[in-house]
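# Residue-level structure breakdown
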Amino acid sequence: MPDIFTLPDSNKTNSSPPDSPKDHPKTPSSGKTGLFNAFSFMPQNMHFDTQEPGETILLLLRRHWITNISWLFTGFLLLIIPIFIFPLFDIASLFPAFFPSSFTSFLILTWYILTASFLLTEYLIWYFNVAIVTQERIIDIDFAILYKSISETRISRVEDVTSHTGGFIRSFFDFGDVFVQTAANFENFEFLAVPHPQQVVKIINQLMGKVEEG
Amino acid sequence: MGELLRNILQESPFLLIKIPIIILLLLYISYTFIVMRQTSIMSKIVEIDVSQTVQLLSLIHFLTSLFLLVYALIFL
């Protein structure tokens, strides 16, 4: 595997980027940052809040798309339920006479809007739960609608990186957990259900090696 | 006061249903507003070229909840 980064040289300007993604043809999703991308190597057109000048993002990780199947399936059921249920009953006849005739259409509209709301919320939680690996740091962003936590550590503080992949589904789709252990006083990082965990470990190990050499 | 309320409810008993619906919809609007705000904040923390699409989706989500309230106020 070719070098994935070079330590910033104080004699050079920061304008020289590390190897282009084209140098890594075996790396999946090189440079892509789509709406449904879970593994992006050297993502282009991406920045984060605390990014330092010249700091290159090497990995953008999210949970594997297969982990979204449960809420996608639930959303699909919620979408099709009215199509099968409503023709079976005369919904309007279920309500007392003083209910307005538009109440049924209001119910159907509310049902679909709440379903869309459920799907969007689940998607946003998946989309904003990211792990970012740069030349110098590891950043873990945990997000729920009313909660967010952003942790980061320097690569130099990382002591050990391990990946766990177990079970048929995880082996078949090649995803698993990556655990980044840092020095005693610093927080440990968990990237859960990320695609290609061995590759993530390999990249972080290579970064650690470069930092030690530097 | 009690008499007035009783008269209103006799005239329009659906108000007993409509008022809780409106209150729930106002709560829902506040939720969609929070989602929109959080999406905007998170899009600044992690800027990706598709961030604007995500922000647009959350804006549509918020506007839809407003539409639902207006629908309930006019048609119910």
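Residues numbered from 1 in each chain as written. Chains lettered and ligands numbered in written order. Predicted model: local features only at pLDDT ≥ 70, side-chain atom pairs only at ≥ 80, totals over all residues. Heavy atoms only, no water.

### Quick notes on the side chain of Ser117(A)
To keep it simple, the criterion reads: Each helix is a run of DSSP H or I of at least 4 residues and each strand a run of E of at least 2, with the numbering of both proceeding from the N terminus. A simple rule labels every residue: compare its accessible area, found with a 1.4 Å probe on the protein chains alone, to the largest value its type can have, and call it buried under 20%, exposed over 50%, or partly exposed in between. We call two N or O atoms a polar contact when they sit within 3.5 Å, provided that within protein one can donate a hydrogen and the other can accept it, with sequence-adjacent residues counted only if both atoms are side-chain atoms. Any two residues whose heavy atoms approach within 4.5 Å are treated as being in contact.
Tracing the backbone through its elements, the reader meets Ser117(A) in helix H3 (residues 103–128). Residue classification places Ser117(A) among the buried residues on the basis of a relative accessible area of 4%. Here the side chain of Ser117(A) touches Tyr28(B) through a polar contact of 3.2 Å, side chain to side chain. In this structure, Ser117(A) is in contact with Tyr28(B), Tyr31(B) and His61(B), ignoring residues within four places of it in sequence.

### Some words on the pattern of salt bridges
Between side chains of opposite charge, a pair can form as their charged atoms come close. All names here are of chain B. The criterion, for reference: Whenever a carboxyl oxygen of Asp or Glu lies within 4 Å of a side-chain nitrogen of Lys or Arg, that contact is scored as a salt bridge.
This structure, assessed with the given rule, holds six salt bridges over all chains. With a shortest N-O distance of 3.2 Å, Arg 6 and Glu 3 are connected by a salt bridge. Separated by three residues within a single helix, Arg 6 and Glu 3 lie in helix H1 (residues 2–11), roughly one turn from each other. By relative accessible area, Arg 6 is classed as partly exposed at 48%.

### A word on the packing of aromatic side chains
Residues and elements named next belong to chain A. To be explicit about the condition: Between 30 and 60 degrees the pair is tilted, below 30 it is stacked and above 60 it is edge-to-face, where a pair is any two Phe, Tyr or Trp rings, Trp via its six-membered ring, whose centres lie within 6.5 Å.
Within the structure shown, the criterion is met by 20 aromatic pairs over all chains. Ring centres 5.3 Å apart and planes at 5 degrees place the aromatic pair Phe 95 and Phe 99 in the stacked group. The exposure class of Phe 95 is partly exposed, given its relative accessible area of 22%. Arranged with centres 6.2 Å apart and planes meeting at 35 degrees, the rings of Phe 103 and Phe 106 form a pair that is tilted.

### A word on the sheet that holds strand S5 (residues 137–144) of chain A
All names here are of chain A. Let me state the cut-off plainly: Here a strand pair is declared whenever DSSP counts at least two bridges between the two strands. Axis definition: a line fit to C-alpha positions, over the contact stretch in the case of helices; interaxial angles, taken between N-to-C directions, run 0 to 180 degrees.
A sheet is described by the order of its strands in space; here five strands give the open sequence S1-S3-S4-S5-S6, paired in antiparallel fashion. Looking along the sheet, the strands with just one partner apiece sit at the ends: strand S1 (39–41) and strand S6 (147–154). Going from strand to strand, the sheet's axes swing by 10 degrees on average, the running direction of each strand aside. Pairing analysis gives eight bridges linking S5 to S6, with the strands arranged antiparallel. Counterpart to Asp 140 in the pairing with S6 is Ser 151.

### Some thoughts on the pairing of strand S4 (residues 130–134) of chain A
All names here are of chain A. For S4, the tally of buried residues reaches five of five residues, placing the bulk of the element in the interior. Across the two faces of S4 the burial is the same, with Val 130, Ile 132 and Thr 134 and Ala 131 and Val 133 all buried. The pairing of strand S3 (residues 57–61) with S4 spans four bridges and is classified as antiparallel. Bridge assignment links Leu 60 to a residue of S4, and that residue is Ile 132. Note that S4 and S5 share four bridges and pair antiparallel. Pairing of Ile 132 across the sheet is with Ile 139, part of S5. Hairpin connection from S4 to S5: two residues lie between these consecutive antiparallel strands.

### Things to note about the environment of Leu78(A)
Residue and element names in this part refer to chain A. If you trace the backbone, Leu 78 turns up in helix H1 (residues 69–85). Here Leu 78 falls in the partly exposed class, since its relative accessible area comes to 24%. For the pair formed by Leu 78 and Leu 114, sequence separation is 36 residues and the distance between their alpha carbons is 9.4 Å. Residues in contact with Leu 78, not counting those within four places in the same chain, are Trp 111, Thr 115 and Phe 118.

### A closer look at the domain arrangement of chain A
Spelled out, the test is: In this document the domain limits rely on a domain assignment from an automatic tool or a database.
The assigned domain composition of chain A is domain 1 (21–63 + 129–213) and domain 2 (68–123). Here domain 1 of chain A and domain 2 of chain A have C-alpha centroids that lie 39 Å from each other.

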